[in-house]
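# Summary of structural features
Single-letter residue listing:
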Amino acid sequence: MDRDTYQRGLEVRSAVLGEEYVKRALADADQFSQPLQDLVTEYCWGAVWGRDGLAPKTRSMLNLAMIPILNRPNELRTHIRGALTNGVSREEICEVFLQVAIYAGVPAAVDSFRIAREVFAELDNADVS
């Protein structure tokens, strides 16, 4: 493992998903799942997200387009929150999911809109509390 890339990944992952989320994910890792956490942190967040070629907002929008196609609702929830952190507006999320409907199928978009509304409601309720 490249420690510098891992550290950069930890910084980027925490900035996008929130320090609490990342600390919980790492703390919940056990002997079986720790290699996956290391891989995700180093390669996904350090080697790719840590590159300068695309802005974090653009990377988030790409994820919002790809994850519905893969039918990964838990990851979609996480990346909707991350996209909002990276400056993607709710209106832009709507537009991305409309694009998903056309190019990947209406069922993927329907689920994506449903999940986004749940995330928005959670965030709105947390703001009121």
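Residues numbered from 1 in each chain as written. Predicted model: local features only at pLDDT ≥ 70, side-chain atom pairs only at ≥ 80, totals over all residues. Heavy atoms only, no water.

Within an unreviewed UniProt entry, the label attached to the protein reads 4-carboxymuconolactone decarboxylase, and the organism entered is Mycobacterium sherrisii.

### Topic: the overall build of the protein
Across its full length, the protein carries 7 helices and 0 strands. When its helices and strands are written in sequence order, the protein yields α-α-α-α-α-α-α. Whereas a compact globule of 129 residues would reach a radius of gyration of roughly 14 Å, the protein reaches 15 Å, a difference of no more than 12%. By principal-axis analysis of the C-alpha atoms, the protein measures approximately 40 × 35 × 30 Å. (Helix = DSSP H or I, 4+ residues; strand = E, 2+ residues; numbered from the N terminus. Rg over C-alpha atoms; globule rule 2.2 N^0.38 Å.)

### A few points about the UniProt feature "domain: Carboxymuconolactone decarboxylase-like" (unreviewed entry) in the protein
The UniProt feature table records "domain: Carboxymuconolactone decarboxylase-like" (unreviewed entry) at residues 36-118. Secondary structure across residues 36-118 divides into 83% helix and 0% strand, with the first and last C-alpha atoms of the span separated by 28 Å. (UniProt positions renumbered as here; feature names shortened; annotations may be inferred.)

### Notes on the pattern of salt bridges
Taken as a whole and assessed by the stated rule, the structure comprises 7 salt bridges. For the salt bridge of E92 with K57, the shortest nitrogen-to-oxygen distance reads 3.0 Å. Taken together, the residues E92 in helix α6 (residues 90-104) and K57 in helix α4 (residues 56-70) connect sequence positions 35 residues apart. The partly exposed category is assigned to E92, whose relative accessible area is 25%. Relative accessible area serves as the criterion here: at 29%, K57 is assigned to the partly exposed category. (Salt bridge = Lys/Arg side-chain N within 4 Å of Asp/Glu carboxyl O. Buried < 20%, exposed > 50% of the residue type's maximum accessible area, 1.4 Å probe, protein only.)

### Looking at the domain arrangement of the protein
Domain boundaries assigned for the protein yield domain 1 (1-52) and domain 2 (55-128). For domain 1 versus domain 2, the distance between C-alpha centres works out to 21 Å. With 8 residues of domain 1 in contact, the opposing surface of domain 2 contributes 9 residues. Both faces combined, the contact of domain 1 with domain 2 buries some 680 Å², and carbon together with sulfur accounts for 58% of it. Considering only the side of domain 1, the residues that lose the most area to domain 2 are V16, L17 and W49, jointly responsible for 65% of the buried surface there. If you look at where domain 1 meets domain 2, you find 0 salt bridges. The tally of links from domain 1 across to domain 2 stands at 1 residue pair in polar contact (both at pLDDT 80 or more). Only α1 (3-17) and α3 (34-48) provide two or more residues apiece to the side of domain 1 that touches domain 2. If one sorts the elements of the side of domain 1 that touches domain 2 by residue count, α1 sits on top with 3 residues. (Domains from an automatic or database assignment. Contact = heavy atoms within 4.5 Å. Buried area = accessible area lost by both parts, 1.4 Å probe. Polar contact = N/O pair within 3.5 Å; in protein donor to acceptor, adjacent residues only side chain to side chain.)

### Observations concerning the packing of α6 against helix α7 (residues 106-128)
Put simply, α6 and α7 touch, their axes get as near as 8 Å, and they point 165° apart. On the basis of the axis angle, α6 is roughly antiparallel to α7. In this structure, α6 meets α7 at a crossing whose hand is right-handed. For the pair α6 and α7, the contacting residues are R90, I93, C94, F97, L98, V100 and A101 in the first and V106, A108, A109, S112, F113, A116, F120, L123 and D124 in the second. Grouping the amino acids of the contact of α6 with α7 by side-chain chemistry returns 13 nonpolar, 1 polar and 2 charged. (Axes fitted to C-alpha atoms, helices over the stretch in contact; angles between N-to-C directions. Parallel < 35°, antiparallel > 145°, perpendicular 65-115°, else oblique. Left-handed = near helix turned anticlockwise from the far one by under 90°. Nonpolar A, V, L, I, M, F, W, Y, C, P; charged D, E, K, R; others polar.)

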